[in-house]
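Architecture at a glance
So the chains spell out like this:
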Amino acid sequence: MRGFEIVLALVVAATIVAALAERWRTPAPSLLVIAGLAIGAIPGVPAVQLRPEIVAIGVLPPLLYAAAADVAVSELRSVLGSVSTLAVGLVAASAVAVAFVAHALFPQLSLAAAFVLGAVLASTDPIAVSALARRMHLPPRLLALVQGESLLNDATSLVLFRVAISLATAGAGVSMLGASWQFVRLGGGGALVGLGCAYLVGALRRRIHDPVIETVTALVVPYAIYVAAEAIGTSGVTAVVLAGLYLGERERGTDLSSGPTRLQVANVYAVVQFLLESVIFAVIGLELPAVVRRLDGADRHFVLGALAVVAVVIAVRMLWVYPATYLPHWLHRASGDEVPSWTVPTVISWAGTRGVVPLAAALSIPLTVAGHPFPHRDLILVLTTSCILVTLVVQGLTLEPLVRRLGVTDDLTERARHEAVARHAATRAALARLDELVDLEAAPEVVAARLRSELQQQLDRTRSAQNGATPDATLAEATYRAIRRDLLAAEAAELLRLRAQGVISEAARRKVQRSLDIRETGLG
C-alpha cells in the first residue's frame, strides 16, 4: 500500500507542477525534475528506488511508441543521412570521450566501468526531446532531424551499453566479432521484429470496428512488441520505435481506423503520456538524493566530476554537430545545395537532453559481478542522474528561448496558408465526389443542395485564408466561433433542464450531448 500511496502522491504533485508549467510557459519535464529534487532533499521523505524492469517495460514502450508515431516517415527520410551521422558517429564519440574523462576524474572507476557510463550517456532521449519539441514551432525538417536522431540513436547506444557491460563483467573475453554480432542481433533483429509485428497489428486493426477494443489494442501493442523482441534476444527499444514509425504512418491514412476512433485513441494516449512522463521525470529528481546517500569514501566527492562529465557530453555534441553540418557542403560545393545557417546546428547541438532512456540503462546495470557488487554502480547512477538533471533543467529551460532568439521557428503565416491549402483541396475533392453521387442519382437533390451549401461556405473561408485573411475576416471568424460555442452551451443547458424535469432520459441526454461535443471539437 505504501508504494501505491507514493505513486498517487507523485501523480498529484506532477499534475500540480505541470499545471504551473503551463501557466508559466515553462517546459514541464524541467520543472518536474526540479520539484522531484526539492522533495527528495526534504528529511524524512522515503527513498524512491525504481527497479529497471519498471522503467524498461512499464514506462518506455508507450512513450517511445508515441514519440515514433508522431514522426512522419517522409520527413524522416529526407534527413536520414544527417540522422545516421548523429545516431552512430556522435553516439560512439560521446561514449569514448565520457569514458576517458570519467576514468581520469574518478581513478577508482575502471576504464571498463567508465565505458558503461559513457554508453549510458551517449544518446539523447526521445521522450524528453519530444516533450520539449512539442512546445516549439520548429521548421518541419529541423523537427524531423531532432526527433529522428533521438529515436534512432537508442539502438546504437544500447548496443554499446551491452558491449560495455560484457567488457566490465567478462574482461577481454569479448571480441570485435562478438560485438558486431551483438549489433546485428540487437539492432537488426529488433527492427525485423518491430516491422513484422506492426504489419500484423495493422492487418488486425483493419478488421476491428469497436472503438474500445481498438483503443485497448493501441495501448497493449507497444508492450507486446517490446516483450516479444526482448524475449528472443533482440532490442525491444528498436522494435517499438520501428513499429511506431510504421503504424504511425498507417494511422495517417483512413484504412486503419475511423475518425472518432483516432480521436479517442489520441486522447487516451495523451493521458497515458502525461501520467508516465510526469511521474518518471519527478522520480528522476527524487532518485538523486537517495543514491547520493548510498555513496561512500571517495565517491562522495562527485559534484565537480559530475559537472565535468556533463560539460564533456555537451561539448562533444557541439564539436560533432558543426563539422557534420558543414563538411558535406564543403566537400561537394558544386552540388548547389543551400548551406544551412549557423543557427540550425546551434539548435541541434543544444537539443541533446538526456532523460528516461539513459536512466533505464543505468538502472539495468547488474548489481553483482561473479558474486561481488558491480564496481561503483552507485557512482555511475549518481553521474547519470546528475547529467539527466542538468541537461533537463539547463537545456530544457533555455532551448525554447534560444530557438526564439535565433529565429529558428516555423513561419506561422506559411503554416496557416498550408493548412488552408489542404482544407481547400479536401473541400474541392468532397464537392467533386458529391457531383459524382448526384450524377449517379445516389444523393437526393435536397440533400445534395444542403451539402453543397455547407461545402461552398467552407470553400470560401479556405480561399480567403490562402490569400491572406484580412483582420476583419479573422475577427469575424473568431466571433463566429465564440457565438457558436455560446449557442452550444445553451443547447447543453437545455438538455440538463429537460433531464431534471424528467422529460428526457439520461441516455438520450448523453447521446445528444456527445453530438454537441463533436461539433464543439470541430470549432478548433
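**Describing the overall build of the protein**
- The secondary structure content of the protein amounts to 20 helices and two strands.
- Whereas a compact globule of 524 residues would reach a radius of gyration of roughly 24 Å, the protein reaches 26 Å, a difference of no more than 12%.
- Oriented by its inertia axes, the alpha-carbon framework of the protein measures out at about 85 × 70 × 45 Å.
- Split into buried and exposed, the 524 residues of the protein put 44% on the buried side.
- A separation threshold of at least 6 residues defines the contact pool for the protein, and within that pool the share at least 24 residues apart is 80%.
- Side-chain charges in the protein split into 44 positive and 41 negative, and the spacing between the mean points of these groups amounts to 3 Å.

**Regarding the packing of helix 2 (residues 28–40) against helix 12 (residues 259–294)**
- In the contact formed by helix 2 and helix 12, the axes pass within 7 Å of each other and the chain directions differ by 35°. The element helix 2 and its partner helix 12 pack so that their crossing is right-handed. Contacts from Pro 29, Leu 32, Val 33, Gly 36, Leu 37, Ile 39 and Gly 40 of helix 2 reach helix 12 at Glu 277, Ser 278, Phe 281, Ala 282, Ile 284, Gly 285, Leu 286, Leu 288, Pro 289 and Arg 293.
- Its residues assigned to classes, the contact of helix 2 with helix 12 shows eleven nonpolar, four polar and two charged.

**So, the pattern of salt bridges**
- By the definition in use, this model includes twelve salt bridges.
- The residue Arg 510 makes a salt bridge to Glu 506 at a minimum N-O spacing of 3.5 Å. Of this pair, Arg 510 and Glu 506 both sit in helix 20 (residues 506–522), four residues apart, roughly one helical turn.
- Members of the salt-bridge network, linked through shared partners, are Arg 499, Glu 506, Arg 509 and Arg 510.

**Observations concerning the packing of helix 10 (residues 211–231) against helix 12**
- Running from amino to carboxyl end, helix 10 crosses helix 12 at an angle of 40°, the nearest separation of the two axes being 9 Å. Between helix 10 and helix 12, the angle is such that the two are oblique. By crossing handedness, the relation of helix 10 to helix 12 is classed as right-handed. Of helix 12, the residues touching helix 10 (which contributes Pro 211, Val 212, Glu 214, Thr 215, Ala 218, Leu 219, Pro 222 and Tyr 223) are Thr 261, Gln 264, Val 265, Val 268, Tyr 269, Val 272 and Leu 276.
- Residues belonging to the contact of helix 10 with helix 12 are distributed by class as follows: eleven nonpolar, three polar and one charged.

**Some remarks on the environment of Ala 430**
- If you trace the backbone, Ala 430 turns up in helix 17 (residues 412–439).
- For Ala 430, a relative accessible area of 31% gives the class partly exposed.

**Focus on helix 3 (residues 52–69)**
- With 18 residues, helix 3 should cover 26 Å at 1.5 Å per step; its first-to-last C-alpha distance of 25 Å lies within 8% of that length.
- If you look at helix 3, its biggest bend is around 45°, right at Leu 60, and the proline Pro 61 turns up within four residues after that.
- The complete set of buried residues in helix 3 reads Val 55, Ala 56, Val 59, Leu 60, Pro 61, Pro 62, Leu 63, Leu 64, Tyr 65, Ala 66, Ala 67 and Ala 68.

**Some remarks on a nonpolar patch on the surface**
- A cluster of nonpolar side chains, Phe 4, Leu 8, Val 12, Ile 16, Leu 20 and Trp 24, forms an exposed patch at the surface whose accessible area comes to about 600 Å².
- For Trp 24, the position within the fold is in helix 1 (residues 2–24).
- On the basis of relative accessible area, Trp 24 is assigned to the exposed category, the value being 51%.

**Focus: unusual backbone geometry**
- The backbone phi angle of His 376 is positive, close to 55°, even though this residue is not glycine.
- By the element assignment, His 376 lies in the loop between strand 2 (372–373) and helix 16 (377–406).
- Since its relative accessible area comes to 27%, His 376 is described here as partly exposed.

Conventions used here
Residues numbered from 1 in each chain as written. Predicted model: local features only at pLDDT ≥ 70, side-chain atom pairs only at ≥ 80, totals over all residues. Heavy atoms only, no water. Helix = DSSP H or I, 4+ residues; strand = E, 2+ residues; numbered from the N terminus. Rg over C-alpha atoms; globule rule 2.2 N^0.38 Å. Buried < 20%, exposed > 50% of the residue type's maximum accessible area, 1.4 Å probe, protein only. Contact = heavy atoms within 4.5 Å. Lys, Arg positive; Asp, Glu negative; His and termini not counted. Charge placed at Lys NZ, Arg CZ, Asp CG, Glu CD. Axes fitted to C-alpha atoms, helices over the stretch in contact; angles between N-to-C directions. Left-handed = near helix turned anticlockwise from the far one by under 90°. Nonpolar A, V, L, I, M, F, W, Y, C, P; charged D, E, K, R; others polar. Salt bridge = Lys/Arg side-chain N within 4 Å of Asp/Glu carboxyl O. Parallel < 35°, antiparallel > 145°, perpendicular 65-115°, else oblique. Expected span 1.5 Å × (residues − 1). Bend = angle between axes of the 7 residues up to and from the residue. Patch = residues over 30% accessible without salt bridge, like charges linked within 9 Å, V, L, I, M, F, W, Y side chains within 5 Å. Areas by Shrake-Rupley, 256 points an atom, 1.4 Å probe, with all protein chains shown as cover.

Functional significance is not addressed by these values, which are geometric in nature.
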